[in-house]
Amino acid sequence: ISSNSTMVHIFEVSPQKLVKETSEELEGKFAAPSWAIFVKTGNNKERPPQNKNWWHLSAASVLRTVYKDGPVGVSKLRSRYGSRKNRGVKPHKFTRASGNVLRKILQQLETSGLVQQQKLGVHKGRIITPAGTSLLSKAAKRVEK
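Residues numbered from 1 in each chain as written. Predicted model: local features only at pLDDT ≥ 70, side-chain atom pairs only at ≥ 80, totals over all residues. Heavy atoms only, no water.

### Re the packing of helix 3 (residues 54-69) against helix 5 (residues 99-111)
Look at helix 3 against helix 5: their axes get within 10 Å of each other, and the N-to-C directions meet at 75°. Here helix 3 lies roughly perpendicular to helix 5, going by the angle between them. Each of Trp54, Trp55, Ser58, Ala59, Val62, Leu63 and Val66 in helix 3 lies in contact with helix 5, whose residues at this interface are Val101, Leu102, Lys104, Ile105, Leu106, Gln108 and Leu109. Residues that form the contact of helix 3 with helix 5 fall into these classes: eleven nonpolar, two polar and one charged. (Axes fitted to C-alpha atoms, helices over the stretch in contact; angles between N-to-C directions. Helix = DSSP H or I, 4+ residues; strand = E, 2+ residues; numbered from the N terminus. Parallel < 35°, antiparallel > 145°, perpendicular 65-115°, else oblique. Contact = heavy atoms within 4.5 Å. Nonpolar A, V, L, I, M, F, W, Y, C, P; charged D, E, K, R; others polar.)

### Things to note about the pairing of strand 4 (residues 123-128)
As paired elements, strand 3 (residues 115-120) and strand 4 share six bridges and run antiparallel to each other. Of the residues in strand 4, the one forming a bridge with Lys119 is Lys124. (Pairing = 2+ DSSP bridges.)

### Digging into the packing of aromatic side chains
Applying the stated rule across the entire model yields three aromatic pairs. Look at Phe11 and Tyr67: their rings are 5.8 Å apart centre to centre, the planes differ by 40°, and that puts the pair in the tilted class. Taken together, the residues Phe11 in helix 1 (residues 4-12) and Tyr67 in helix 3 connect sequence positions 56 residues apart. On the basis of relative accessibility, which here comes to 8%, the residue Tyr67 falls in the buried class. (Phe/Tyr/Trp six-rings, centres within 6.5 Å; stacked < 30°, edge-to-face > 60°. Buried < 20%, exposed > 50% of the residue type's maximum accessible area, 1.4 Å probe, protein only.)

### A look at the nonpolar core
Counting residues in hydrophobic clusters, the biggest one holds 32 residues, and the most contacted among them are Leu26, Val62, Leu63 and Leu109. Put simply, the parts of the chain that give this core at least two residues each are helix 2 (15-26), helix 3, helix 4 (74-81), helix 5 and helix 6 (130-144). Sorting elements by how many residues they give to this core places helix 3 first, with eight residues. Those residues in contact with Leu26 that lie beyond four places of it in its chain are His56, Ala59, Ala60, Leu109, Leu114 and Leu135. (Core = buried A, V, L, I, M, F, W, Y, C linked by side-chain atoms within 4.5 Å.)

Below, the structure written as structure tokens:
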């Protein structure tokens, strides 16, 4: 999909800084749904996210994950973003993240032209497009400075 120099460059910077920089770029491409202020990001969470721009931060993180692990689908992303659920006195248990939030983020990234659906043999899911790779590499260059 991309040259090795670009790939190494994206992985040389801090993932947190890259996601933050990419999220600022994504804010101009699409808006969070109206229900995003009320929704939890998974069964394991007790409250909705407190950060105002959590939708775009999540979208940037999903974009980086699709770049790194693609082709990926909603099921693989639910496992990737899941965490343990506090069940009170009972032992903790791993629960997967919300599929609807991840699905809508992938659909918005797809309409923005940053990811696309593809089937590689038995693996099907979304992969990053050249526009998505370019967005990540430009953000990585800005973070590096």
